[in-house]
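Architecture and fold: a report
Okay, here's what each chain looks like letter by letter:
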Amino acid sequence: MTDRPLTLMAVHAHPDDEATGTGGVLARYAAEGIRTVLVTCTDGACGDGPGGVKPGEAGHDPAAVAAMRRQELEASCEVLKVDHLEMLDYADSGMMGWAANDAPGSFWTTPVDEAAARLAELMRRYRPDVVVTYDENGFYGHPDHIQANRITSRALELAGTTPKVYWTTAPRSMMARFGEVMRELGADWEEPGSEEPGSGESEMPEIGLPDEEITTWVDTTAFGGQKFDALAAHASQGENIFFLKMGKEKFTQLMGVETFVRVHDTTDAELPENDLFAGLR
Ligand SMILES: [Zn+2]
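Described below are features of the structure shown in this document. Given the structure is predicted, the values throughout are model-derived calculations rather than measurements. (Residues numbered from 1 in each chain as written. Predicted model: local features only at pLDDT ≥ 70, side-chain atom pairs only at ≥ 80, totals over all residues. Heavy atoms only, no water.)

**Quick notes on the pairing of strand β1 (residues 7–12)**
Here β1 lies mainly inside the structure; six of its six residues are buried. Here β1 shows two buried faces, one formed by T7, M9 and V11 and the other by L8, A10 and H12. As defined by bridge partners, β1 adjoins strand β2 (residues 35–42) across six bridges and the pair is classed as parallel. Within the sheet, the bridge partner assigned to V11 lies in β2 and is V39. On the question of chirality, the crossover connecting β1 to the parallel β2 by way of helix α1 (residues 17–31) is right-handed. Of the pairings in the sheet, the one linking β1 to strand β4 (residues 130–133) comprises three bridges and is parallel in character. Bridging from a neighbouring strand, M9 pairs with V131 of β4. (Buried < 20%, exposed > 50% of the residue type's maximum accessible area, 1.4 Å probe, protein only. Helix = DSSP H or I, 4+ residues; strand = E, 2+ residues; numbered from the N terminus. Pairing = 2+ DSSP bridges. Right-handed = clockwise from strand over helix to strand, strands pointing away.)

Structure representation (structure tokens):
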């Protein structure tokens, strides 16, 4: 036995990503007595300001947005019972192609080794058994999500062995259903990642994976309420209001199972698996 608790570390780009992507596993594993650590890389300053004011519009004050989003993140962590919140506080780079990508101090322009060294320091401190982050395309191509993948991969090399490493994903079957539900709710739903205007409704989004490529399906439906409330803590952001419109029950039905691809493993736990900690306890 080791002298420390089993530990889950989730590395996310912005305040609110922890809720949508991993709110279920953070809540579930905390309830199971596993120590949870959330690393949020950016300050989220390119998010919506109070009253829904968008970045670049008059009245959008990045510093005020960052301060508001920090409070929202802390509230979300309280709901999810995250044990340790670590903020790297890089400047939000905005969506691909925005001027904020290249602004000094942006996460996207920070050398991978530099940010990875800071993350590796946290990995040495917490010694996570399981690390979760995005895939190489940042799930949907956001520069900060791609950068989170890059610094995590590098930090894992620097810090030494973590038994299990995962990338978050979504099954294509679920993405299709998700679009249906959003349209039923009357939302003007555009599939994330479909950049071309007028792309047909019948086209499959280029995000997520075919179901058979998903290695790990974690049932977090019992924690759907917490996941919803964590997202509600980030209600200043337009995309989240969109999710919240679903209501708790529908949200849990649709978002209750969180899926991952196991990209590193020393446990030989059999695949597919239904527990990020399979083989570790
Ligand atoms: Zn994000």
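**A few points about the packing of helix α7 (residues 224–232) against helix α9 (residues 248–255)**
Taken N-terminus to C-terminus, the directions of α7 and α9 make an angle of 110°; their axes are 9 Å apart at the nearest point. Here α9 runs roughly perpendicular to α7, going by the angle between their axes. In this structure, α7 uses G224, G225, K227, F228, D229 and L231 to contact α9, whose residues at the interface are K248, F251, T252 and M255. Its residues assigned to classes, the contact of α7 with α9 shows four nonpolar, three polar and three charged. (Axes fitted to C-alpha atoms, helices over the stretch in contact; angles between N-to-C directions. Parallel < 35°, antiparallel > 145°, perpendicular 65-115°, else oblique. Contact = heavy atoms within 4.5 Å. Nonpolar A, V, L, I, M, F, W, Y, C, P; charged D, E, K, R; others polar.)

**Thoughts on the coordination of the zinc ion**
The protein atoms donating to the zinc ion are H14 (ND1), D17 (OD), D17 (OD) and H145 (NE2), with metal-donor distances spanning 2.1 to 2.5 Å. Taken together, the four donor atoms coordinating the zinc ion span angles of 54 to 138° at the metal, a pattern that classifies the geometry as irregular. The sequence pattern describing where the donors of the zinc ion fall on their chain is H-x2-D-x127-H. Residue D17 is found in helix α1, and its partner H145 is found in helix α5 (residues 143–159); the two are separated by 128 residues along the sequence. In this structure, D17 and H145 share a single accessibility class: buried. (Donors = N, O, S within 2.8 Å, 3.2 Å for Na, K, Ca; no water. Tetrahedral: all angles 85-135°; square planar, octahedral: opposite > 155°, others 65-115°.)

**Remarks on the packing of aromatic side chains**
The full count for this structure, using the stated rule, is six aromatic pairs. Every member of this aromatic cluster is reached through a ring pair, and the members are F178, F228, F243 and F251. (Phe/Tyr/Trp six-rings, centres within 6.5 Å; stacked < 30°, edge-to-face > 60°.)

**As for α5**
Counted at 1.5 Å a residue, the expected span for α5 with its 17 residues is 24 Å, and the 24 Å between its end C-alpha atoms agrees. Once α5 finishes, G160 follows within two positions and takes phi at roughly 100°, a positive value. (Expected span 1.5 Å × (residues − 1).)

**Thoughts on the pattern of salt bridges**
With the rule as written, the count across this model stands at 16 salt bridges. The residue K164 makes a salt bridge to E273 at a minimum N-O spacing of 3.0 Å. In this pair, K164 is assigned in strand β5 (residues 164–169) and E273 in the segment after β7 (257–265), connecting sequence segments 109 residues apart. With respect to class, K164 is no different from E273; both count as buried. Put simply, R281 and D275 hold a salt bridge, and the shortest N to O gap is 3.1 Å. Residue class for D275 comes out buried when judged on its relative accessible area of 11%. Overlapping salt bridges bring together R28, E32, D275 and R281 as one network. (Salt bridge = Lys/Arg side-chain N within 4 Å of Asp/Glu carboxyl O.)

**Thoughts on the sheet that holds β4**
By definition, the strands of a sheet pair up through backbone hydrogen bonds, in either a parallel or an antiparallel sense. With respect to topology, seven strands assemble into an open sheet ordered β3-β2-β1-β4-β5-β7-β6, the strand pairing being mixed. Of all the strands in the sheet, just β3 (84–90) and β6 (216–219) have a single pairing partner and so form its edges. Direction aside, neighbouring strands of the sheet carry axes that sit 25° apart on average. Sheet topology places β4 next to β5; four bridges connect them, and they run parallel. Counted as the bridge partner of V130 is K164 from β5. Those strands touched by helix α3 (residues 112–126) are β1, β2, β3 and β4, and its axis lies near 170° from that of β3.

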